[in-house]
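# Notes for the structure review
Each chain, written out:
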Amino acid sequence: MRKISNYINGQHFSRPVAATSPVYDPNTGRVQAELELGDRAILAEAVAIAKSAQPAWAALTPQQRSQVMFRFKALIEEHKQELAGLMSSEHGKLLDDSLGELQRGLDVVDFVCGVPHLQKGEYTRGAGPGTNVYSIREPLGVVAGITPYNFPAMIPLWMLAPAIAVGNAFILKPPTRTPSVSVRLAELATEAGLPAGILNVVHGGKEVGEAITDHPDIKAVSFVGSTPVAKSVYARGAANGQRVQCMGGAKNHGVVLPDADLDQVVADALAGAFGSAGQRCMAMPVIVAVGQKTAEALRERLQREISKLRIGIASEPEAQMGPVVTAEHKRKVESYIQMAADEGAEVVIDGRGRSLPGHEDGFFLWPTLIDHATSSMKSYQEEIFGPVLQIVRAETFEEALSYPSDHHQGNAVSIFTRNGYAADRFVEKVAVGMVGVNVPMPVPVSYHSFGGWKDSAFGDLNQYGEDSIRFFTRTKLVTQRWPPEGPALD
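Residues numbered from 1 in each chain as written. Predicted model: local features only at pLDDT ≥ 70, side-chain atom pairs only at ≥ 80, totals over all residues. Heavy atoms only, no water.

### A word on the side chain of Q245
Formally: Numbered from the N terminus, helices here are DSSP runs of H or I no shorter than four residues, and strands are runs of E no shorter than two. We define a polar contact as two N or O atoms separated by no more than 3.5 Å, with the added condition that, inside protein, one atom must be a possible hydrogen donor and the other a possible acceptor, whereas residues neighbouring each other in sequence contribute only through side-chain atom pairs. Any two residues whose heavy atoms approach within 4.5 Å are treated as being in contact.
Of note, Q245 is situated in strand β12 (residues 243-247). Polar contacts involving the side chain of Q245 include one to the main-chain carbonyl oxygen of L461, which spans 2.9 Å. Within the structure, Q245 has its side chain in polar contact with the backbone oxygen of N462 (distance 3.2 Å). If sequence neighbours within four positions are ignored, Q245 has contacts with V221, S222, F223, F458, L461, N462, Q463 and F471.

### Re the packing of helix α14 (residues 397-406) against helix α15 (residues 420-429)
Put simply, the test is: Axis lines are fitted to C-alpha atoms, over the contacting stretch for helices. Their N-to-C directions set the angle, which ranges from 0 to 180 degrees. Crossing handedness: left-handed means the near helix sits turned counterclockwise from the far one by under a right angle, and right-handed means the same turn made clockwise. The residue classification treats Ala, Val, Leu, Ile, Met, Phe, Trp, Tyr, Cys and Pro as nonpolar and Asp, Glu, Lys and Arg as charged. All others, Gly included, are polar.
Interaxial distance between α14 and α15 falls to 11 Å at its minimum, and their mutual angle equals 35°. For the pair α14 and α15, the sense of crossing is right-handed. The segment α14 lies against α15, with F397, E398, L401, P404 and S405 engaging A422, R425, F426 and K429. Split into classes, the residues belonging to the contact of α14 with α15 amount to five nonpolar, one polar and three charged.

### Observations regarding the sheet that holds strand β4 (residues 20-25)
Put simply, the test is: Strands qualify as paired when DSSP identifies two bridges or more between them.
Here we have three strands laid out as an open sheet, ordered β1-β5-β4, and mixed in their pairing. Where the open sheet ends on each side, the last strands, each with one partner, are β1 (2-4) and β4. Neighbour-to-neighbour, the strand axes of the sheet open up by a mean angle of 35°, direction not taken into account. In terms of strand pairing, β1 meets strand β5 (residues 30-36) through three bridges, oriented parallel. Residue pairing in the sheet places R2 in a bridge with A33 of β5. Here helix α3 (residues 80-91) sits on the sheet in contact with β1, β4 and β5, set at roughly 100° to β4.

Structural data, given as structure tokens:
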């Protein structure tokens, strides 16, 4: 049985641990590894090591830190097939999905290679008589990230790359379901020349998460996960004086106007709802069709195309969707399908009750299509996080606009139309943090930033982009005046 250990001070943690956890292969349903869990004591040891190592790392020039990030990026690119394989074997997402995820993480590493420019402060000469004012962006010290199972490489890279580039030491608590790639990234960072103790990986559940938000030497915490846990982490960390950013759940809508290209909408809906088996915060699990004619046409096309989707193991080249992450999560998604039926929605295509030949113990769930969902249904209000697409029917543009705007989660939304005026009005009026126009998953590029509104995000600064530089640094403002000394210079 393969063992996955904590990674502290530039090496694998070799001492015995009190508890372990199984890591499954969703494609087969079998245990493939044993994860060694940390605890409060191990977390405290990692923080002490990080605190000791951080000043020397911060004392390097920005150019020197940038060179380490360049080498780190090159090593990730060199090992991308290996890293993608680790992700797919533990998450179940297709290899192409894993490679795409890795690239989105690499984009952020690439961005922070420009840290000599990004970390610059500001300067004002002559702010007063003989007085100049300037600012300095300094690292916080030891910071931490708590990451979700569905993006085991991308989101750790979103956090650790900017945090480390600006001179912090970083503690990463990866998910217990998909832990291997985080450890491998830490190994590659060490190989790239990152000093021991600057990047540490401590596995664990709630105990380790609470230890992170309780530790007085951890100055900032970045979190991505479910909304209830995001609220808890945000409240606990903020109460303990930490700087905290927490990204929660999502119920992203795709609003389809009657003039939209329906063939393109269907193709985008299949990718948005069923890519990675719907297990991503940028999934598009709700279609709001404006007008009964639009709804009926979409339903017909979706039924036809969903029936053609090929379900398979992550490594199968022809597969279009893999399994969900665990048997427990499969049961949870199935319960939402039943809930929708009980609430009066129509289950048009039911993905339950099927298995993949040769992989009968795998955690496979076929795509599900639900029609006539309404805003009063619990199955609509809550995040299902699986391969389930709901159709909501609206009579007018204004009614369609109200669904994403009134939902308690405001992560992302897309509108599909050929009408520029309607799209512009939608962008202006919709109460959601990230908006796509004829784009099903509007993930901003790495030099902007990522973050939703309402119950989808807690904190003032978003992930990656310049917001990440602000989050992982603190600003020191200097006002200086030099009195004249000695004889006049003229």
